[in-house]
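# Observations on the three-dimensional arrangement
Spelled out from the first residue to the last, the chains are:
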Amino acid sequence: MQGHGPGQKVLVAGRREVGILRVEPVGHYAIRIAFDDLHDSGIYSWDYLHQLGREYADRWAEYERALAAKGLVRDPPKRKT
């Protein structure tokens, strides 16, 4: 997760399946996405979304390396029965 300012980037683990609940326009320059993990505070400009698409492979590989370096995984913890 990028965060909302310098130094606020957070490595998110345990979230393999996150869906989109809704997308709302923010003027003509961005959208706000509400995710089903209840995160909805980010505003994503069209330029930033385009950048994410262009850099997808590199960003995804870096995310997986960062998770592995901290011993984290994308899968949520197993529920105890």
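Look up a bit, the structure's there.
First, a word on what this report is: a plain description of the structure on this page. Keep in mind the model is a prediction, meaning the values are calculated, not measured. (Residues numbered from 1 in each chain as written. Predicted model: local features only at pLDDT ≥ 70, side-chain atom pairs only at ≥ 80, totals over all residues. Heavy atoms only, no water.)

All right, on to the pattern of salt bridges then. Within this structure, the stated rule accounts for seven salt bridges. The residue Arg65 makes a salt bridge to Glu62 at a minimum N-O spacing of 3.1 Å. Note that Arg65 and Glu62 are positioned in helix H2 (residues 56-69) at a spacing of three residues, about one turn of the helix. Here Arg65 falls in the partly exposed class, since its relative accessible area comes to 49%. Among the charged side chains, a network of salt bridges with common partners joins Arg22, Glu24, Arg32 and Asp40. (Salt bridge = Lys/Arg side-chain N within 4 Å of Asp/Glu carboxyl O. Helix = DSSP H or I, 4+ residues; strand = E, 2+ residues; numbered from the N terminus. Buried < 20%, exposed > 50% of the residue type's maximum accessible area, 1.4 Å probe, protein only.)

Below, the discussion takes up the environment of Tyr63. Looking at the element boundaries, Tyr63 is found in helix H2. For Tyr63 and Gly14, which are 49 residues apart along the polypeptide, the C-alpha to C-alpha distance reads 13 Å.

Within the open sheet, the three strands sit side by side as S1-S2-S3. Their pairing is antiparallel. Across the chains shown, the open sheet's two edge strands, defined by having one partner strand only, are strand S1 (20-26) and strand S3 (43-45). The mean angle between the axes of side-by-side strands here comes to 30°, regardless of whether they run parallel or antiparallel. Judged from the six bridges that link them, S1 and strand S2 (residues 30-35) form a sheet pairing that is antiparallel. (Pairing = 2+ DSSP bridges. Axes fitted to C-alpha atoms, helices over the stretch in contact; angles between N-to-C directions.)

Counting buried residues in S2 gives five out of six residues, a clear majority hidden from the surface. Of the strand pairs in this sheet, S2 and S3 are connected by three bridges, and their pairing is antiparallel. Of the residues in S3, the one forming a bridge with Ile31 is Tyr44.

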